[in-house]
Amino acid sequence: MNILVAGATGKTGLRLTQTLLANGHHPIALVRDSSDTSDLPNGTETRHGDLTDLQPGVCDGCDVVVFAAGSGSSTGPEMTDKVDRDGAKRLVDLAKDAGVSRFVMLSTVGAGDPDPDSKLGHYLMAKHEADEHLKASGLDFAILRPVALTDEDGSRDIVFGDAVDVQGEAARGDVAYVLAQAVDDPEWRGKTLLMASA
């Protein structure tokens with residue numbers, strides 16, 4: 001399938017594009033003009049688009065869209081709103097316009113019931129709004145909410161749902177593996193799940 005990946009040049013996104021290629025899919029990396037695409041695996045198509053100003057048609061020809069982007073921990077609330085909330089919501093709308101078969105959202109632990117007064121309150125509220133927008137869109141969706149991310153590859157020994165220790169960790173390799181599963185596994189249809197590496 002043709003799979004558009006927002007955030008493909010990030011730490012999780014790079015692992016995801018590699019996994020999608022290994023699974024026989026055709027990843028399309030959504031990149032800004034300033035993006036460093038040198039680490040994208042051979043066979044990855046690039047398509048220009050900025051999450052702060054997405055243009056119509058960016059999802060055309062895609063079977064699935066994966067949002068694995070983020071404004072980053074060093075940016076302020078304004079960029080969080082532009083990328084993690086508004087950019088994600090706009091991508092959902094454009095995916096629906098393009099008739100994609102599924103939208104996979106990389107969310108985060110705490111986005112289901114965000115505490116606005118917590119240290120990450122603003123970020124969690126943004127992710128919550130994006131998740132809810134996707135749920136209300138009418139698209140076939142899957143939402144993955146990992147606990148704190150590490151840069152490890154992981155062992156593919158993964159825990160989901162109520163069994164997750166919310167204070168635990170999730171290896172980016174495991175997260176990428178699950179996102180790749182969620183693009184076409186019927187078991188993921190309409191699911192919103194916590195995950196952690198065991």
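That block above? That's the structure.
## A closer look at the pairing of strand β10 (residues 191-197)
Part 1 of the argument: For strand β6 (residues 141-146) and β10, the ladder comprises 5 bridges, and the chain directions are parallel. Residue proline 146 lies in a different strand from β10, and its bridge partner there is methionine 195.
Part 2 of the argument: Examined bridge by bridge, strand β8 (residues 158-160) and β10 share 3 bridges and lie antiparallel to one another. Paired with phenylalanine 160 across the strands is methionine 195, a residue of β10.

## Let's talk about helix α2 (residues 77-98)
Part 1 of the argument: With 22 residues, α2 extends 30 Å between its outermost C-alpha atoms, agreeing within 8% with the 32 Å of an ideal straight helix rising 1.5 Å per residue.
Part 2 of the argument: The principal kink in α2, of about 35°, is found at glycine 87.
Part 3 of the argument: Among all positions of α2, only Thr80, Asp81, Val83, Asp84, Gly87, Ala88, Leu91, Val92, Leu94 and Ala95 are buried.
Part 4 of the argument: Where the residues of α2 are buried, they touch β1 (2-6), β4 (64-67), β5 (102-106) and α3 (121-135).

## Details of helix α1 (residues 11-22)
Part 1 of the argument: Relative to the 16 Å expected for 12 residues at 1.5 Å per residue, α1 spans 17 Å between its end C-alpha atoms, a close match to the ideal helical length.
Part 2 of the argument: In this structure, the buried side of α1 is in contact with β1, β2 (26-31), β4, β5, β7 (148-150) and α4 (172-182).
Part 3 of the argument: Looking at the residues trailing α1, positive phi occurs at glycine 24, about 90°.

## Some remarks on the sheet that holds β8
In any sheet, the strands associate via hydrogen bonds between backbone groups, in a parallel or an antiparallel arrangement.
Part 1 of the argument: Spatial ordering of the open sheet is given by β3-β2-β1-β4-β5-β6-β10-β8, a layout of 8 strands whose pairing is mixed. The open sheet has two edge strands with one neighbour each: β3 (45-48) and β8. Each strand of the sheet is rotated relative to its neighbour by a mean of 25°, with strand direction disregarded.
Part 2 of the argument: Where α1 meets the sheet, its contacts fall on β1, β2, β4 and β5, and the angle it forms with β1 comes to roughly 170°.
Part 3 of the argument: Helix-sheet contacts for α3 involve β4, β5, β6 and β10, and the interaxial angle to β6 is about 160°.

Cut-offs applied
Residues numbered from 1 in each chain as written. Predicted model: local features only at pLDDT ≥ 70, side-chain atom pairs only at ≥ 80, totals over all residues. Heavy atoms only, no water. Pairing = 2+ DSSP bridges. Helix = DSSP H or I, 4+ residues; strand = E, 2+ residues; numbered from the N terminus. Expected span 1.5 Å × (residues − 1). Bend = angle between axes of the 7 residues up to and from the residue. Buried < 20%, exposed > 50% of the residue type's maximum accessible area, 1.4 Å probe, protein only. Contact = heavy atoms within 4.5 Å. Axes fitted to C-alpha atoms, helices over the stretch in contact; angles between N-to-C directions.

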